[in-house]
Amino acid sequence: MKKIVIILTFIVLSLFLMFLYGKYQMKHKPLVIIMMGPPGAGKGTHATELSKDLKLPHISTGDLFRENIKQNTDLGKKAKSLIDKGVLVPDDIVNQMLFDYINKHKYFSGYILDGYPRNVDQAIALEKFLPENTKLLVINLRIDDDLLVERITGRLMCRKCGKPFHKTFSPPPNNQNICDDCGGEIYQRSDDTKEVVVKRLEVYHRETKPVLNYLKNKAKFIEIDASQSKEKVYKDILLEIEKNK
Ligand code: AP5
Ligand code: MG
């Protein structure tokens, strides 16, 4: 009799602990936001703001490459000529760089991805990398190609923190080449020429757009009209995130 009571108590206690663990996991699901959209759609612009407002790290694979190019690392040397041509860096290099970066920084409670995944194979690699209980939110910035060339060829960026500016739409404060967030130098990206933008758009339509279909059933999907003003686009993004929380 005593033995049965002990076994029953053990079972009830185990079930209770499993229940508590389930509740804890529900509450602490990692949140991963994927910013999708063609070059110049505003992925970096809005990810920078979201990162501050949601207190989630912003990870841009493009920025990670640019940092490696600046530091003249082996990875930077491999990536530079491909980036300057407007084509994708091979998957194995991108995947390793990104996953090592996330693990190194222990970003286990979530982050905002900008510029990744960029083809279906990268989306599959990400799916394998993410913990099963991850809450995945895709923000797709929709915009026609003809609006993008002006945005990209006029874009300026902070060399230190990656904050984007624009010669006409959002010039750096006092027209000085200094970032108002971190004091870094403001410069123009070497792949932001008209010829390279055309190539980047072609690559986007051929390789990145299919990712949208692939992710449709695997994530919460938010469609945003990115042709509106920056302020309106960001307001729409926040509103949709609130609805989909
Ligand atoms: P990456 O750095 O990711 O470039 P991208 O995808 O081409 O996108 P952009 O950074 O050009 O655009 P964005 O959407 O961030 O726009 P932004 O907010 O700056 O990648 C560069 C290269 O790295 C790739 O070509 C590839 O070679 C390589 N690479 C990177 N990731 C890779 C991967 N996963 N796999 C393989 N290769 C990879 O806005 C643009 C401008 O418009 C700014 O000046 C901004 O101020 C302005 N703006 C934004 N919104 C508005 C608005 N609503 N109204 C007016 N102006 C606006
Ligand atoms: Mg960007």
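The following paragraphs examine the structure supplied in this document. For clarity, every value in this text was computed on a predicted model and none was experimentally measured.

Within the secondary structure, Gln122 sits in helix α6 (residues 120–129). Here the side chain of Gln122 touches Arg118 through a polar contact of 2.9 Å, landing on its backbone nitrogen.

On to the side chain of Asn140. Relative to the assigned elements, Asn140 resides in strand β4 (residues 135–142). On the accessibility criterion, Asn140 (4% relative accessible area) is buried. Here Glu223 takes part through its side chain, which lies 3.0 Å from a polar atom of the side chain of Asn140. Aside from chain neighbours lying at most four places away, what touches Asn140 is Met36, Gly37, Tyr204, Leu212, Phe221, Ile222, Glu223 and Ile224.

Per the stated rule, a full pass over the model turns up 3 aromatic pairs. Measuring from ring centre to ring centre gives 4.1 Å for Phe99 and Phe129, while their planes differ by 10 degrees; the resulting arrangement is stacked. Separated by 30 residues along the polypeptide, Phe99 in helix α5 (residues 91–105) and Phe129 in helix α6 bring together distant segments of the chain. The ring of Tyr187 carries Arg159 above its face, with NZ or CZ at 4.2 Å from the centroid. Positioned above the aromatic ring of Phe221 is the side chain of Lys216, whose terminal nitrogen or guanidinium carbon lies 5.0 Å from the ring centre.

Inspection of the entire model under this criterion finds 21 salt bridges. Taking the shortest distance from any N to any O, the salt bridge between Asp63 and Arg66 comes out at 2.8 Å. Placement of both Asp63 and Arg66 in helix α3 (residues 61–70) is noted, with a separation of 3 residues, approximately one turn of the helix. Residue Asp63 is classed as partly exposed on the basis of its relative accessible area, which comes to 22%. Owing to a relative accessible area of 18%, Arg66 belongs among the buried residues under this scheme. Through salt bridges with shared partners, one network takes in Glu49, Lys52, Lys163, Asp180 and Asp181.

Glancing now at the site of ligand 1. Close to ligand 1 lie 35 residues; Thr45, Val87, Arg118, Arg155 and Arg200 are nearest. At 2.8 Å from a nitrogen atom of ligand 1 is found a side-chain nitrogen or oxygen belonging to Thr61. For ligand 1, whose accessible area on its own is 1000 Å², the fraction buried by protein is 96%. For the shell around ligand 1, the secondary structure elements donating two or more residues are α2 (43–54), α3 and β6 (164–166). When residues in the shell around ligand 1 are grouped by element, the largest group, 4 residues, is from α3.

This part takes up the pairing of strand β1 (residues 31–36). Taking burial as the measure, the 6 residues of β1 include 5 buried ones, the bulk of the element. When β1 meets β4, the two strands line up parallel, connected through 6 bridges. Bridge pairing in β4 links Leu31 to Lys135.

Conventions adopted
Residues numbered from 1 in each chain as written. Chains lettered and ligands numbered in written order. Predicted model: local features only at pLDDT ≥ 70, side-chain atom pairs only at ≥ 80, totals over all residues. Heavy atoms only, no water. Helix = DSSP H or I, 4+ residues; strand = E, 2+ residues; numbered from the N terminus. Polar contact = N/O pair within 3.5 Å; in protein donor to acceptor, adjacent residues only side chain to side chain. Buried < 20%, exposed > 50% of the residue type's maximum accessible area, 1.4 Å probe, protein only. Contact = heavy atoms within 4.5 Å. Phe/Tyr/Trp six-rings, centres within 6.5 Å; stacked < 30°, edge-to-face > 60°. Lys NZ or Arg CZ within 6 Å of the ring centre and 35° of its normal. Salt bridge = Lys/Arg side-chain N within 4 Å of Asp/Glu carboxyl O. Near = heavy atom within 4 Å. Areas by Shrake-Rupley, 256 points an atom, 1.4 Å probe, with all protein chains shown as cover. Pairing = 2+ DSSP bridges.

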